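Coordinates in review
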Amino acid sequence: MMELLVLVGMAVLAMPVLLVVALVKLSGLHQRVVELEVAVDGLRRAPAAAHATPASADPMSLVASSPVREADVPPRPQSVAPRVEAPPSPASQPYATAEPGTAGQARTAPTGDLPPPRSTPRPPSPPDILQRAAAAVRRWFTSGNVPVKVGMLVLLAGVGALLKYASDQGWLAVPVGLRLAAVAAAAVAGLVFGWRRRESHRSFALSVQGGMIGILLLVVFAAYRQFDLLPPAVAFAASVVLIAAMGVLAVVQNARALAVFAILAGFLAPIWLSTGAGNHVALFAYYALLNGAILAIAWFRAWRELNLLGFAFTFGIGALWGALSYAPAHYASAQFFLALFFVFYLLIPLLYARRRAPARRDIVDGALVFGTPLVAFSLQAGLLHEQTMTLALCALGVAALYALLARALLRRAGLAVLVQAYALLAVGFATLAVPLALSAQATACVFALEGAALVWLGLRQQRRWPRVSGLGLQAAAAMAFLAGGALPFAAVVVPFAHGRFAGGILIALAGLATAWCYRRAGSSLPAGIAYGWGLAWWLGIWTSELLRVAPAPVEPDVLLVLAIGTGWLAAELHRRHPVRLLAATFFAALLVAAPLALWQAAAHAQPFAGHGVWAWALFVVAGLRGLVCLRAGDAGIARAAQFAWWLLWPLVLSLLGSWLVGRFELGDGWWSLAVVAPWLAVAALAGWRWSWIAQPLGHTFNPARAALRLTLCVVLLLWWLPALRSAGDPAPLPWLAVLNPLDLAQLAVLVLLARWLWSDDAPAAWTRHRLPLLAALGFLLLTAITLRGAHHWGGVAWDARLPSSGLAQASLTVVWSVLGVLGWVFGSRRAQRALWLAGALLMAVVLAKLVLVDRDHLGNLWGIASFIAYGLLCTVVGFFAPAPPRTVHATEQPA
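One structure accompanies this document, and this report is about it. Quick caveat, the model's predicted, so the values are computed rather than measured.

Cut-offs used in this document
- Residues numbered from 1 in each chain as written.
- Predicted model: local features only at pLDDT ≥ 70, side-chain atom pairs only at ≥ 80, totals over all residues.
- Heavy atoms only, no water.
- Helix = DSSP H or I, 4+ residues; strand = E, 2+ residues; numbered from the N terminus.
- Buried < 20%, exposed > 50% of the residue type's maximum accessible area, 1.4 Å probe, protein only.
- 1 Å grid on protein atoms, 1.4 Å probe; cavity = no way out; pocket = protein on both sides within 12 Å on 5 of 7 lines; lining within 4 Å.
- Points joined across faces, edges and corners; volume = space filled by probe spheres on them.
- Nonpolar A, V, L, I, M, F, W, Y, C, P; charged D, E, K, R; others polar.
- Contact = heavy atoms within 4.5 Å.
- Axes fitted to C-alpha atoms, helices over the stretch in contact; angles between N-to-C directions.
- Parallel < 35°, antiparallel > 145°, perpendicular 65-115°, else oblique.
- Left-handed = near helix turned anticlockwise from the far one by under 90°.
- Salt bridge = Lys/Arg side-chain N within 4 Å of Asp/Glu carboxyl O.
- Expected span 1.5 Å × (residues − 1).
- Phe/Tyr/Trp six-rings, centres within 6.5 Å; stacked < 30°, edge-to-face > 60°.

This part covers unusual backbone geometry. In this structure, Pro696 follows Gln695 across a cis peptide bond, with omega equal to 5 degrees. At Ala605, a residue that is not glycine, the phi angle is positive and equals roughly 75 degrees. When you line up the elements, Ala605 lands in the loop between α20 (580-604) and α21 (612-629). The exposure class assigned to Ala605 is partly exposed, which follows from its relative accessible area of 43%.

Structure, rendered in structure tokens:
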């Protein structure tokens, strides 16, 4: 274990060393680059100034701007950039500044420290918290006595490794105790030396003091854990003394980093000196002493980092112990320490505000002001499990405490923000007591409303921490809500009238209110995130409650009403205050209706069965109204919403038609027609009656016409191609070629496709190949009709054996040959070489089919008929069109 700790410590401590070296290197390189750039710029401008000297130029500037020969320039060391004087005119020296009392003379800013331009710069925006943290880390590694800091870090790692390695190798003949004593004595001497140099070499002295106390802590740890020379109590007491000494040194010398190191070591000491006994009373008593020390330091110093460190360790380790080791027998002691720690961190922000400068006292420590009651009350809720009334009384007590604090500080100058924070906490805890008395599942949901109020206050005062605290309160309220668990589905409670539903609605409303506040303040990104958060909670709590109380067949119906109701509310708000996210909410409601319609078909056969008819009736009304509301604002989302509207209804009606076919036991040909008929109707309206499709948006929807027609044609083709594999049974009617539901539907698709390809809405990539595309699709349809005739009229089974039947092959040979002959004849008569060649190609394919496929059927009449038919047709062609036409005419153009 010791080896692992030493190796990890050395690795961690080596990382700052590497970082410091990199920073030093980069800083030197950056300075060198700046010097070289200035030197090169001066050398470039000197010759130009020499050839363009104004008549009224100052003699000194003429001397300064005269060309300098390379031989006249004395050699310079590489570490010093060449200094070149340029003419002092404003055009050539924008950064020259005039000394007082020397008119007309200018001095060039030193290399690497150029002053800004004379124009007044825009004041920079204040850095955010991440930039400030990065700047603090950079300052620590680049300011002060960097070598000694690095030396102390490396020394700590080296001493730890040396102690372990020397022990393992047996290099030292003296006993281990003497070796450790010698190291401790050297560390004490170093500590005294650092103390004596605290005024003359402050940075050096503080680093030495911290390093020496760290070495002493390592000696104690090694004597206890590795060599078993000290009992646990003595080792712990020695660690406490060393940590306390480091804290005293920090306060006396006003050394914040030393104090942070001391508190960090103090909180970690029980962990590395733990015996595994698990005595929580001793642990929390020790932490109480540490927090008392932090409170005492806060009386003298306003060190925020120290306060946050103690808060995080105290409540973090306390919460971890509560989750892993708490038992009902520990209630009294846990309650005592929780109250004690709450008092500590209730007082520390007061002392922090007291020690701040009078001009900055309004900047309170929001993390402790709001985090302490939130964390402490959450832990209190865990201790008072299922004792909701007692917890409600605790909330009232905390509310009274914060109200008294706000009243006591009301007349104190410079504490107005702290008074407002305490007042908000008092109101929040008083409000929280009500749902706590009614339901234990709403223990922290009112914090969400309090968080929204803090966000509003922070935006009004243009301060960051109230906003951050408000968002944190809402997140904590959500986690507390989720930790409360869900109501069982068999719970006998009134629907929508219980604490869990009310708590979820509170979180949702708080998120939406936060989004509204950020929107009014002009912050679009935070407003969008908060709106998504609130909308997710709104939909989640409603969905959870609806699924809990609704029967299974009705679930998709009520969710459809929820979706369109939420979208309609967003659209109405969008009409009054156009916001892109509100319009997108209505658009999402239309999108989610498609999977809900499929769920309805699975739950009760078709979307309009049962309560589905009322749900869709409401959907029609709310959907049309929502589209009208979307006329204001972003036209792109409005077009997308109406686009989804016209794709949704063919899907819903297709599900209804599919159910009707099964209800009346019709053939699969009718089923195919029922599925595609709504899509054909919408495509026909888009092609011939666009003004109907454009409503209710009107002209705003016109730019979507091309995209809608393209989408409809693609959908129809996606149905059309698989439909070729269907037999198209028209039962109870007899099958007639072309005059059956499936063939008519497929022909209608080709007509609509041709109408689209010869219109201005079709893309150029489609129109360039429209004739070959339609010819290929027509050939496939004629082939399918031929095979269906062989099935329905010839009695051949519609399965995988169909292509191997003689009747099917003979029919295909005859039909394809007739097509080829027609191409030959019409191509020759109309002098269309391409058509003649297409017919010839098709006849060649039929010939190959005869040789490779139909020859297996020469033993039956169908195979013989195939060969005969092909021969006769070729003979006819040879008579009427023996050769391709010589004159090439253009293909037929659109009318």
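By the secondary structure assignment, Trp465 is in helix α16 (residues 464-483). Separated by 11 residues in the primary sequence, Trp465 and Leu454 have C-alpha atoms spaced 9.2 Å apart.

The final tally for this structure, using the stated rule, is three cavities of 30 Å³ or more. Of the volumes computed, that of the second largest cavity is approximately 60 Å³. Every residue lining the second largest cavity is listed: Ala683, Ala686, Arg709, Leu712, Cys713, Leu752, Arg755 and Trp756. Looking at the lining of the second largest cavity, the elements with two or more residues in it are α23 (668-688), α25 (705-723) and α26 (741-757). Looking at the lining of the second largest cavity residue by residue, the classes come out as six nonpolar, no polar and two charged.

So, about the environment of Phe496. Locating Phe496 in the fold gives a position in the loop between α16 and α17 (499-520). Here the alpha-carbon distance between Phe496 and Leu546, two residues 50 residues apart in the chain, equals 8.9 Å. Sequence-distant contacts of Phe496, defined by excluding residues within four places in its chain, comprise Phe501, Trp542, Glu545 and Leu546.

Attention shifts here to the environment of Leu590. Here Leu590 shows up in helix α20. Sequence separation between Leu590 and Trp645 is 55 residues, and the spatial gap between their C-alpha atoms is 6.6 Å. Leu590 has contacts with Ile564, Phe619, Ala641, Ala644, Trp645 and Leu648, leaving out every residue within four places of it along the chain.

If you want to describe how two helices pack, look at the angle between their axes and the distance between the axes. Here α16 crosses α17 at 155 degrees, and the two axes come no closer than 11 Å. Regarding the angle of α16 to α17, the classification is roughly antiparallel. Considering the relative orientation of α16 and α17, their crossing is left-handed. Residues Arg467, Leu471, Gln474, Ala477, Ala478 and Phe481 of α16 form the contact with α17, whose own contacting residues are Arg500, Gly503, Gly504, Ile507, Ala510, Gly511, Thr514 and Tyr518.

The next point concerns the pattern of salt bridges. A side chain of one charge can pair with a side chain of the opposite charge if their charged atoms are brought near each other. For the structure shown, the criterion picks out seven salt bridges. The closest approach of N and O atoms between Arg548 and Glu545, which form a salt bridge, is 2.9 Å. Highlighted residues: Arg548 and Glu545, both in helix α18 (residues 524-549), separated by three residues, approximately one helical turn. Both residues of the pair, Arg548 and Glu545, belong to the buried class. Residue Asp743 is joined to Arg788 by a salt bridge in which the shortest nitrogen-to-oxygen separation is 2.4 Å. In this pair, Asp743 sits in helix α26 while Arg788 sits in helix α28 (residues 770-792), placing the two residues 45 residues apart along the sequence.

What follows covers helix α22 (residues 635-663). With 29 residues, α22 should cover 42 Å at 1.5 Å per step; its first-to-last C-alpha distance of 43 Å lies within 8% of that length. Just downstream of α22 lies Glu665, where phi reads positive at about 55 degrees.

Here we come to α17. In this model α17 runs 31 Å from its N-terminal to its C-terminal C-alpha over 22 residues, within 8% of the 32 Å that 1.5 Å per residue would give. Of the residues flanking the end of α17, it is Gly522, one or two places downstream, whose phi is positive at about 85 degrees.

A few words on the packing of aromatic side chains. Describing an aromatic ring pair means giving the distance of the ring centres and the angle of the ring planes. Following the criterion strictly, the structure yields 21 aromatic pairs and no others. With centroids separated by 5.7 Å and ring planes inclined at 70 degrees, the aromatic side chains of Phe311 and Tyr345 adopt a geometry described as edge-to-face. Residue Phe311 is located in helix α10 (residues 304-325), and its partner Tyr345 is located in helix α11 (residues 331-355); the two are separated by 34 residues in the primary sequence. As far as burial versus exposure is concerned, Phe311 and Tyr345 are alike and both buried. A ring pair is formed by Trp645 and Trp649, whose centres lie 5.6 Å apart and whose planes are at 75 degrees; its orientation type is edge-to-face. Within this pair, Trp645 and its partner Trp649 are both found in helix α22, separated by four residues, close to a single helical turn. Neither Trp645 nor Trp649 differs from the other in exposure class; each is buried.

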